[in-house]
Amino acid sequence: MAKLKLAVLISGRGSNLQSLIDACRAEDFPAEIVHVISNVPGVMGLDRAAQANIPTTVINHTTFADRTAFEIALGEVLTQSGAGLICLAGFMRLLSDTFVTIWHDRIINIHPSLLPAFKGLDVHRRAIDAGVRFSGCTVHFVRPDMDCGPIIAQAVVPIHADDDAPALAARILEQEHVIYPLAVKLIAENRTTIVNECVTVENSSSGKSFLVNPAPD
Ligand code: GRF
């Protein structure tokens, strides 16, 4: 079966991009990255793509008159790439309603919290300050509202009493690198269906376990 073609959009470090690059190396992985686009020049994610021989394009948003012009350029590169799925991986630009509608159900994002809790930025600090016992990460289809859309995969990560934001971020990032390739695989294998804005996954084991933090004595 033909592999699903991915375009990955980044703005920085690109560790989630790397997790997708690594997953795609496996012969039986059902997707391949055909293009990496960064809105910021010179970032580490571009080096990761180059090392994996993936074509890259920098579309520097600061050089465009407005968001519409930026998104027209972005759309042209995406269409040219032949990508069937756009993976936002630390892409720090909000996409307009128009853009998201054009690519409806063909854009996914990874966010470092258990959505719908803690949308937006500075999520780890906010989770610690709120005193929640668990945070985690979410891969979801993108809708016009920020950090909204049908949830494909989540991982739960406990918050420790002595956690600061960088420690929690690092623990969650490890799980991001697990669930992003997983979500892509599910989509590429046509195992996801969206009904009433919720994702059902074909042939997924329904976990009956639960997590408690702190563990009961
Ligand atoms: C990740 O934490 C991701 O969830 C968020 O931005 C960060 C990007 O990290 N959207 P990286 O560039 O993938 O290393």
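Notes on the structure in this doc start here. (Residues numbered from 1 in each chain as written. Predicted model: local features only at pLDDT ≥ 70, side-chain atom pairs only at ≥ 80, totals over all residues. Heavy atoms only, no water.)

**Some points on helix H2 (residues 44-51)**
Owing to its 3.6 residues per turn, the α-helix brings residues three or four apart onto one side. Worth spelling out the cut-off: A simple rule labels every residue: compare its accessible area, found with a 1.4 Å probe on the protein chains alone, to the largest value its type can have, and call it buried under 20%, exposed over 50%, or partly exposed in between. The numbering of helices and of strands both runs from the N terminus, where a helix is a DSSP run of H or I of at least 4 residues and a strand a run of E of at least 2. Within this analysis, the arc is defined by the directions that extend from the helix axis to the C-beta atoms. By the convention used here, residues are in contact when the closest approach between their heavy atoms is within 4.5 Å.
Residues of H2 that are buried: Gly45, Leu46, Arg48 and Ala49. Along the axis of H2, the buried positions cluster into a sector of 160°, meaning they face one direction only. Buried residues along H2 sit in contact with strand S1 (4-10), helix H1 (15-25), strand S2 (31-38) and strand S3 (56-58). Looking one or two places after H2, you find Asn53, whose phi comes out positive at around 60°.

**Topic: the environment of Ala65**
As for its placement among the helices and strands, Ala65 is situated in the loop between S3 and helix H3 (67-81). Expressed as a C-alpha distance, the spacing of Ala65 and Phe118, which sit 53 residues apart in the sequence, is 32 Å.

**Quick word on the packing of H1 against H2**
The condition that has to hold: The axes are straight lines fitted to the C-alpha atoms, using for helices just the contacting stretch, and the angles between their N-to-C directions are given from 0 to 180°. Relative orientations are named as follows: roughly parallel for angles under 35 degrees, roughly antiparallel for angles over 145 degrees, roughly perpendicular for angles from 65 to 115 degrees, and oblique for any other angle. Left-handed is the label given to a crossing in which the near helix is rotated counterclockwise from the far helix by less than a right angle, and right-handed is the label when the rotation is clockwise. Amino acids outside the nonpolar list (Ala, Val, Leu, Ile, Met, Phe, Trp, Tyr, Cys, Pro) and the charged list (Asp, Glu, Lys, Arg) are all regarded as polar, and Gly is one of them.
The interhelical angle for the contact between H1 and H2, taken along N-to-C directions, is 15°, at an axis separation of 9 Å. If you check the angle between H1 and H2, you find them roughly parallel. Here H1 runs over H2; the crossing is right-handed. Of H2, the residues touching H1 (which contributes Ser15, Leu17, Gln18 and Ile21) are Gly45, Arg48 and Ala49. For the contact of H1 with H2, the class distribution of residues is three nonpolar, three polar and one charged.

**Some words on the site of the ligand**
So the rule is basically this: The near set for a molecule or strand comprises every residue that places at least one heavy atom within 4 Å of it. Think of a polar contact as two N or O atoms within 3.5 Å of one another; within protein, one of them needs to be a possible hydrogen donor and the other a possible acceptor, and neighboring residues in sequence only count if both atoms come from side chains. Accessibility throughout is a Shrake-Rupley quantity obtained with a 1.4 Å probe, and a residue counts as covered only by protein chains that appear here.
Around the ligand, the neighbouring residues are Arg13, Gly14, Ser15, Asn16, Gly90, Ile110, His111, Pro112 and Glu176. In the model, an oxygen atom of the ligand is placed 2.8 Å from a nitrogen or oxygen of the Gly14 main chain. Interatomic distance of 2.5 Å between a side-chain N/O atom of Ser15 and an oxygen atom of the ligand. Protein contacts shield 84% of the accessible area of the ligand, which totals 370 Å² for the unbound molecule. Where the shell around the ligand is concerned, the elements lending two or more residues are H1 and strand S5 (107-111). Among the residues making up the shell around the ligand, the classes are represented as two nonpolar, five polar and two charged.

**A few points about the side chain of His124**
Positionally, His124 belongs in helix H5 (residues 123-130). For His124, a relative accessible area of 12% gives the class buried. Residues within four places of His124 in sequence aside, it is in contact with Pro112, Ala165, Leu168, Ala169 and Ile172.

**Describing the packing of aromatic side chains**
Aromatic rings in a pair are described by how distant their centres are and how their planes are angled relative to each other. Operational definition: Here a Phe, Tyr or Trp ring, Trp counted by its six-membered ring, pairs with any other such ring whose centre lies within 6.5 Å, and the pair is stacked when the planes are under 30 degrees apart, edge-to-face when over 60, and tilted otherwise.
Under the defined criterion, the tally for this structure stands at two aromatic pairs. Relative to Phe70, the ring of Phe64 lies with its centre 5.9 Å away and its plane at 70°, an arrangement referred to as edge-to-face. Here Phe70 falls in the buried class, since its relative accessible area comes to 4%.

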